[in-house]
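Chains, contacts and geometry: an overview
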Amino acid sequence: MSLHEDAVLVLKGYEHQHGLRDVYLEHLAAHPDGVYKPCEAGHVTGSALVVDPSRGRVLLTLHKKLGMWLQMGGHCEPGDATLADVALREAREESGIASGLALLPGGPVRLDRHPIPAPCNWHLDVQYAALAPAEAVAEISEESLDLRWFAYDEVADVADASVVRLLEATRARL
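Values in this document were obtained by computation on a predicted structure and should not be read as measured data.

Conventions adopted
Residues numbered from 1 in each chain as written. Predicted model: local features only at pLDDT ≥ 70, side-chain atom pairs only at ≥ 80, totals over all residues. Heavy atoms only, no water. Helix = DSSP H or I, 4+ residues; strand = E, 2+ residues; numbered from the N terminus. Rg over C-alpha atoms; globule rule 2.2 N^0.38 Å. Buried < 20%, exposed > 50% of the residue type's maximum accessible area, 1.4 Å probe, protein only. Contact = heavy atoms within 4.5 Å. Lys, Arg positive; Asp, Glu negative; His and termini not counted. Charge placed at Lys NZ, Arg CZ, Asp CG, Glu CD. Salt bridge = Lys/Arg side-chain N within 4 Å of Asp/Glu carboxyl O. Phe/Tyr/Trp six-rings, centres within 6.5 Å; stacked < 30°, edge-to-face > 60°. Lys NZ or Arg CZ within 6 Å of the ring centre and 35° of its normal.

1. Details of the overall build of the chain
Looking only at helices and strands, the chain features five helices and eight strands. Walking the chain from its N terminus toward its C terminus, one meets helices and strands in the order α-α-β-β-β-β-α-β-β-β-β-α-α. Over its C-alpha atoms the chain spans a radius of gyration of 15 Å, differing by no more than 12% from the 16 Å that the globule rule assigns to 174 residues. Each of the three principal axes of the chain carries a C-alpha extent, and together these read 45 × 30 × 30 Å. Each of the 174 residues in the chain was classed as buried or not, and the buried ones make up 46%. Looking at the chain alone, contacts between residues at least 24 apart form 66% of all its contacts between residues at least 6 apart. Of note, the chain has its 15 positive side-chain charges centred 3 Å away from the centre of its 26 negative side-chain charges.

What follows is the structure, encoded as structure tokens:
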């Protein structure tokens, strides 16, 4: 099964945000390359909010290009077999947590579509949550200006509404 086929299956099984889910499915139906960065009409991305439920905290990265506190995430790569693989790979790479991260069961937590500069135009982000072990030690990557743990109630003060919605949806599922 290709990453494109996996994305279609994951999205068809996603039971929330029906209108946005349909936008994603229409995009994938129209663009066989719609999971990859070169697709100028937009492309599917995968992200994961790294949470430590035992300490009531979330790990955010200060994105180097955007200058915003965000969850870990990025583009699908040819070696990725599934959207879950994309999200978990990005979480490991950007958090520096090499072992012990596990995606929260139940598939994606949310979808978020946001504009980006041309030539790509749109990110169709499939958002997961990754559970960090209590002893996890984060290490900043080349893609970040900073990396920091925030208490759940601090996130709204540093991150935009999309990250706050992702945290709320994640906490509802924990």
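2. What about the pattern of salt bridges?
Taken as a whole and judged by the stated rule, the model has nine salt bridges. Arginine 148 is paired through a salt bridge with aspartate 146; the nearest N and O atoms lie 2.6 Å apart. Salt bridges sharing partners connect three or more residues here, namely Glu77, Asp80, Arg89, Glu90 and Glu93.

3. Remarks on the side chain of aspartate 6
Here aspartate 6 is to be found in helix 1 (residues 3–13). Here aspartate 6 occupies a buried position and makes no salt bridge, while the nearest side chain of opposite charge, arginine 89, is found at 12 Å. Residues contacting aspartate 6, with those up to four places away along its chain left out, are Met1, Ala81, Thr82 and Leu83.

4. Looking at the packing of aromatic side chains
Enumeration over the complete set of coordinates arrives at one aromatic pair. A centroid spacing of 5.0 Å and a plane angle of 80 degrees characterise the contact between tryptophan 69 and phenylalanine 150, whose relative ring orientation is edge-to-face. Residue tryptophan 69 is located in strand 3 (residues 69–70), and its partner phenylalanine 150 is located in strand 8 (residues 144–151); the two are separated by 81 residues in the primary sequence. Overall, tryptophan 69 belongs to the buried group, its relative accessible area being 11%. Judged by its relative accessible area of 6%, phenylalanine 150 is buried. The aromatic ring of tryptophan 149 is capped on one face by arginine 57, whose charged end is 3.9 Å from the ring centroid. When the ring centre of tryptophan 122 is taken as reference, the NZ or CZ atom of arginine 113 above it lies at 3.6 Å.

By themselves these figures say nothing about function.
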